[in-house]
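Chain and residue survey
Listed below are the residues making up each chain.
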Amino acid sequence: MPLHIHTPLIESHVLSTIMGADVRLKLECLQPSGSFKIRGIGFLCETLKKNGVSRFVSSSGGNAGIAVAYAGMRLKIPVTVVVPQTTTERAKKVIESFGADVRVHGASWQEAHELAENLSNNQDIALVHPFDHPLLWEGNASIIDEIYASGFLPDAVLVSVGGGGLYSGIVNGLRRNGLSSIPVIAVETEGTASLNGSIREDRLIELEQIRGVATSLGAKKVAKNAFEAAKTHPTKSIVVSDSQAISACRRLLDDHRLLVEPACGAALAPAYETLAEIKAYRKIVCIVCGGATVTGEQLQGYSV
C-alpha cells in the first residue's frame with residue numbers, strides 16, 4: 001500500500017481572479033510527511049524493502065530526510081539521516097520524531113551526502129537519494145496520474161525546482177498519461193537557479209554556492225535527468241526573488257490557511273505576481289509541494 005495519500009486538487013478563487021484564468025492547487029503540503037517527497041521516497045523505500053534492505057541512509061537538509069524517516073517508521077526499517085550543519089533544530093526534531101537517527105556533518109548538503117554514501121557501503125544498507133533516482137521520479141509522477149484522473153487537463157503546470165526530482169516526476173507523469181504537449185513552468189529562486197543556469201548555458205552547471213531563504217531548493221546542481229528532460233519536454237524556466245517567494249507563502253496562508261516553505265512559495269509566485277511568462281495560460285495547476293520545517297513565526301520573521 002502506498003505511503004503517500006491522494007491529495008486534493010482545489011480551485012483557488014483568489015489566484016483565478018488574479019490571473020483571469022482557472023488556477024487549481026495540488027495540495028502536496030497535506031502529505032503525512034508534510035511534502036511531496038513521500039511519493040517518490042516512499043515508492044523507492046517500499047521497493048528497497050522488498051529487495052531485502054535492512055536499513056535506509058539518506059542525506060537531507062529537511063523534507064527528504066523527514067520523508068525517509070516517515071517511510072522507515074511505516075515500513076519498520078531503521079533510518080539514518082545525515083544533515084548539514086545549516087539544518088534547523090526544528091527539521092532535526094521532526095526527523096527524530098519518526099524514530100530516525102540524525103547525524104550532523106559538513107557545511108553543505110554535498111558534504112552530508114558524502115558521509116551518507118560512506119555509511120551505505122553495505123549491500124544490506126540502502127542509500128536513499130533525496131532527488132536523483134528513477135524510482136523517485138516514478139513515484140512523484142503519481143501527482144499527474146491523480147490530476148489526469150480528476151478530469152481537469154491544464155495547459156500548464158507550475159512547479160518549484162530544487163534538485164529536479166519533482167520536476168522529473170511531473171514530466172514523467174505527463175508523458176505516461178499522453179500529455180507530453182503540456183508545458184511545465186519550472187520555478188527557482190535567484191540563489192538556487194541551477195536548472196535555469198544549465199538551460200541558459202546549454203550544459204549542466206554547478207552553482208558556486210546556494211543563497212537565499214529557499215534552502216529546500218538548495219542543490220548546487222540538478223539531476224542530469226532533469227536537465228535532459230528540460231531539453232526534450234516543453235519547459236519554461238522562471239526565476240523569482242526571495243521576497244516574491246516569501247510573499248506568495250504569506251498570501252497562501254491568508255487565502256487558503258496553508259503554511260508552506262519559501263521553496264514552495266516559489267511555484268506560487270508567478271501566479272500571485274501575474275508574471276508575463278504565464279499570462280497566456282488559461283488552465284493552470286500549481287503543485288503546492290509543501291515543506292515541514294517552516295513555522296508561522298519563522299515565515300512572518302522573513303524580511304522582504
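Overview of the structure. (Residues numbered from 1 in each chain as written. Predicted model: local features only at pLDDT ≥ 70, side-chain atom pairs only at ≥ 80, totals over all residues. Heavy atoms only, no water.)

A short note on the state of the cysteines
Heads up, the rule is: The definition used for a disulfide is geometric: two cysteine sulfur atoms within 2.5 Å.
Applying the stated criterion across every chain, the model contains 0 disulfides. The thiol sulfur of Cys29 is not disulfide-bonded, and the nearest other cysteine sulfur, from Cys264, lies at 6.5 Å. Unpaired in this structure, Cys289 has its nearest cysteine sulfur neighbour in Cys264, at a distance of 3.9 Å.

A short note on the environment of Glu28
Counted only if it meets this: By the criteria applied, helices consist of DSSP H or I runs no shorter than four residues and strands consist of E runs no shorter than two, each listed in order from the N terminus. Think of it in three bands: residues with accessible area under 20% of the maximum for their type are buried, residues over 50% are exposed, and the middle band is partly exposed, with areas taken using a 1.4 Å probe on protein chains only. Two residues form a contact once any of their heavy atoms are found within 4.5 Å. Contacts described as polar in this section are N or O atom pairs within 3.5 Å, which, within protein, must combine one atom able to donate a hydrogen with one able to accept it, while residues neighboring in sequence count only if both atoms come from side chains.
Position of Glu28 among the secondary structure elements: in the loop between β2 (22-27) and α2 (37-50). For Glu28, a relative accessible area of 0% puts it in the buried group. Residues Glu28 and Arg39, spaced 11 residues apart in sequence, show a C-alpha to C-alpha distance of 9.5 Å. Setting aside its immediate chain neighbours within four residues, Glu28 contacts Thr7, Gly34, Ser35, Phe36, Arg39, Ile143, Ile287, Val288 and Cys289. A distance of 3.1 Å separates a polar atom in the side chain of Glu28 from a polar atom in the side chain of Gln31. Of note is the side chain of Glu28, whose polar atom sits 2.7 Å from the side chain of Arg39.

Topic: the nonpolar core
Spelled out, the test is: Among buried residues, the Ala, Val, Leu, Ile, Met, Phe, Trp, Tyr and Cys ones that are joined through side-chain atoms within 4.5 Å form a nonpolar core.
Ranked by internal contacts, the top residues of the largest apolar core, which has 62 residues, are Tyr167, Ile170, Leu268, Ile287 and Val288. If you tally residues by element for this core, the top one is helix α12 (residues 262-272), at 7 residues. When sequence neighbours within four positions are dropped, the list of residues in contact with Val288 reads Leu25, Lys26, Leu27, Glu28, Cys29, Leu252, Val260, Cys264 and Leu268.

Examining the layout of surface pockets
We count it as follows: A pocket here means an open set of points on a 1 Å grid, computed over the protein atoms alone, that has protein on both sides within 12 Å along at least five of seven lines. A cavity is instead a set of points where a 1.4 Å probe fits but cannot get out; residues with an atom within 4 Å of a point line either one. Grid points are joined across faces, edges and corners, and a volume is the space filled by probe spheres set on the points. Each residue is assigned to one of three groups, with Ala, Val, Leu, Ile, Met, Phe, Trp, Tyr, Cys and Pro labelled nonpolar, Asp, Glu, Lys and Arg labelled charged, and all others, Gly among them, labelled polar.
Roughly 240 Å³ of internal volume is contained in the second largest pocket. When residues in the lining of the second largest pocket are grouped by element, the largest group, 4 residues, is from helix α5 (residues 109-119). For the lining of the second largest pocket, the residue count by class is 4 nonpolar, 3 polar and 6 charged.

A word on the packing of aromatic side chains
The condition is simple: Stacked, tilted and edge-to-face are the three classes assigned to paired rings of Phe, Tyr and Trp, where Trp is represented by its six-membered ring and a pair needs centres within 6.5 Å; plane angles under 30 degrees give stacked, over 60 edge-to-face, the rest tilted. Our definition puts a charge over a ring when NZ of Lys or CZ of Arg is within 6 Å of the ring centre and also within 35 degrees of the ring normal.
On inspection of all chains with the given rule, the structure shows 2 aromatic pairs. For the pair Tyr70 and Phe98, a centre-to-centre distance of 5.5 Å together with 80° between the ring planes defines the contact as edge-to-face. In this pair, Tyr70 is assigned in helix α3 (residues 63-75) and Phe98 in the loop between α4 (89-97) and β5 (101-104), connecting sequence segments 28 residues apart. Judged by its relative accessible area of 9%, Tyr70 falls in the buried class. Measuring from centroid to centroid gives 5.4 Å for Trp109 and Phe131, while their planes differ by 40°, and the two rings are tilted. In this pair, Trp109 sits in helix α5 while Phe131 sits in the loop between β6 (125-128) and α6 (134-140), placing the two residues 22 residues apart along the sequence. Note on accessibility: Trp109 and Phe131 belong to one class, buried. For Arg24, the ring lying beneath its charged end belongs to Phe152, and the centroid distance is 4.1 Å. The ring of Phe152 is capped by Lys283, whose NZ or CZ atom sits 5.1 Å from the centre of that ring.

A word on the environment of Gly65
Structurally, the position occupied by Gly65 is in helix α3. Among the residues examined, Gly65 registers a relative accessible area of 0% and is labelled buried. Separated by 63 residues in the primary sequence, Gly65 and Val128 have C-alpha atoms spaced 9.2 Å apart. For Gly65, the residues in contact, after removing those within four places along its chain, are Ser60, Val81 and Ile95.

A short note on the sheet that holds β6
Note: strands within a sheet are paired through backbone hydrogen bonds, in either parallel or antiparallel orientation. Stated precisely, the cut-off is as follows: DSSP bridges decide pairing: two strands pair if at least two such bridges lie between them. Between N-to-C directions, angles cover 0 to 180 degrees, with each direction set by a line fitted to C-alpha atoms, over the stretch in contact for helices.
The strand order β5-β4-β3-β6 describes an open sheet built from 4 strands, whose pairing is parallel. Every other strand in the sheet has two partners, leaving β5 and β6 as the edge strands with one partner each. Direction aside, neighbouring strands of the sheet carry axes that sit 20° apart on average. Note that strand β4 (residues 79-83) and β5 share 4 bridges and pair parallel. What sits directly across from Val83, in β5, is Val104. In the packing of α2 onto the sheet, contacts are made with β3 (55-59) and β6, and the angle to β6 comes to roughly 165°.

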